[in-house]
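A structural walkthrough
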Amino acid sequence: QEIKKKQWLYVKDHYFDLIDMSDSRLCRAPFLYKRVDYFMNQLTVQHPDSLTKSIDQVLKLVQPSKANFKFYLVHFLNLYAKSKIVGMDAVYVHIVDNYYAKGLAPWTDKDQLKKIIRNANTLKPILIGKIAPNIEVEKEDSSKIKLHDVDSEVTVLFFWAPDCGHCKKSMPKVVEFYDKYKDKGVEIFGVCTMVQDKCKECWKTIEEKKMDEWINTTDPFLKSRYKVIYDIRTTPQIFVLDKDKKIISKRIGAEQLEEVMEEYFNRLKAEKGEG
């Protein structure tokens, strides 16, 4: 196993040795594109930290060619901006912070550049591994509660709306999940996204769908700014937090909650040496 690892590392480190990556004639050439694609998808571990290092390596090699640099920088930005894989937004943020925000993409329209940087700045506080931003919202009796006040091994932050079709499909799965894991230190912190008088619909749905066992909240006047802070553009949205409120997963479907939970608890057991 150690020998295979060394072989892999050697191939990865020397994969581009015989190619002049700064040759502008290779821009968009199928040969180079396929080579880069194989490097990124087959030789690089599909984890944000590994991917960002590989992207930096490729961009450093092509940087002497303005055409090659522009092509691959734009390619990587678009690729990870569109990625549906959990956690890959960290790669997008890395590209923006280290290239676009530092003036290394002068071809970008000023308004578009501002939008790109703004998007990255929005995502930065809610990347996996970050402490989830604290928000203060209201219970049904108008009493205040803060997300960080919840004392549990795992907190599932669940943004939903009663008039959302996808939410209606998710609700039974979330209820089933909670019934299975509530005695294992898991709490759900529900935030219904209706505002003002429409908040009444939240409490009606909570009772009808038997969602009243966990923590349910609203923010009638959006004082917490959670929609901006957590980039809530659609519902449902799910964030999974550890006991320190660090984000361990996000933007997953309700049907994935159990899988994420089992992986997390198994990792905790392994760290404690419990087999």
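Look above for the structure.
These remarks concern the structure in this document.

Conventions used here
Residues numbered from 1 in each chain as written. Predicted model: local features only at pLDDT ≥ 70, side-chain atom pairs only at ≥ 80, totals over all residues. Heavy atoms only, no water. Core = buried A, V, L, I, M, F, W, Y, C linked by side-chain atoms within 4.5 Å. Buried < 20%, exposed > 50% of the residue type's maximum accessible area, 1.4 Å probe, protein only. Contact = heavy atoms within 4.5 Å. Disulfide = S-S within 2.5 Å. Salt bridge = Lys/Arg side-chain N within 4 Å of Asp/Glu carboxyl O. Helix = DSSP H or I, 4+ residues; strand = E, 2+ residues; numbered from the N terminus. Pairing = 2+ DSSP bridges.

Ranked by size, the top nonpolar core spans 36 residues in total, and within it Val36, Leu59, Phe76, Tyr80, Tyr92, Ile95 and Tyr100 carry the most contacts. With residues up to four places along the chain from it excluded, the contact list for Tyr100 reads Leu73, Val74, Leu77, Ile95, Ala105, Trp107, Thr108, Leu113 and Ile116. Core analysis: the second largest hydrophobic core is formed by 33 residues, Phe177, Val240, Val260 and Leu268 among them.

A few words now on the state of the cysteines. Per the counting criterion, the structure on display carries one disulfide. Unpaired in terms of disulfides, Cys199 finds its nearest cysteine sulfur in Cys202, a separation of 5.0 Å.

Looking now at the pattern of salt bridges. Opposite charge on two side chains makes pairing possible when the charged atoms of those side chains draw close. In this structure the tally under the stated criterion is nine salt bridges. For Lys124, the salt bridge is made with Asp97, and the minimal N-O distance between the two is 3.2 Å. Of the two residues, Lys124 sits in the loop between helix 6 (110–123) and strand 1 (136–138) while Asp97 sits in helix 5 (residues 89–100), which places them 27 residues apart along the sequence. A salt bridge links Glu213 to Lys182; the nearest nitrogen and oxygen atoms lie 2.7 Å apart. Of this pair, Glu213 sits in the loop between helix 8 (199–208) and strand 5 (215–218) while Lys182 sits in the loop between helix 7 (165–181) and strand 4 (186–192), and the two are 31 residues apart along the sequence. One network of salt bridges, with partners in common, ties together Asp179, Lys182 and Glu213.

Cis geometry is found at the peptide bond from Thr235 to Pro236, where omega equals 0°. Mapped onto the secondary structure, Pro236 falls in the loop between helix 9 (226–229) and strand 6 (237–242). At Asp231, a position not held by glycine, the phi torsion is positive, near 50°. By secondary structure assignment, the location of Asp231 is in the loop between helix 9 and strand 6. Relative accessible area serves as the criterion here: at 14%, Asp231 is assigned to the buried category. With phi around 50°, Arg251 is a residue other than glycine that occupies positive phi space.

For the rest of this paragraph, the subject is the pairing of strand 6. Counting buried positions along strand 6 gives six out of six residues, so the element sits mostly inside the fold. The pairing of strand 3 (residues 154–160) with strand 6 spans six bridges and is antiparallel. Looking at strand 6, one finds that Phe159 is bridged to Gln237. Taken together, the three bridges between strand 6 and strand 7 (residues 247–250) define a ladder with antiparallel strand orientation. Considered in strand 7, the bridge of Val240 is made with Ser249. Where strand 6 hands over to strand 7, the hairpin turn is made up of four residues, of which Lys245 adopts a positive phi near 70°.

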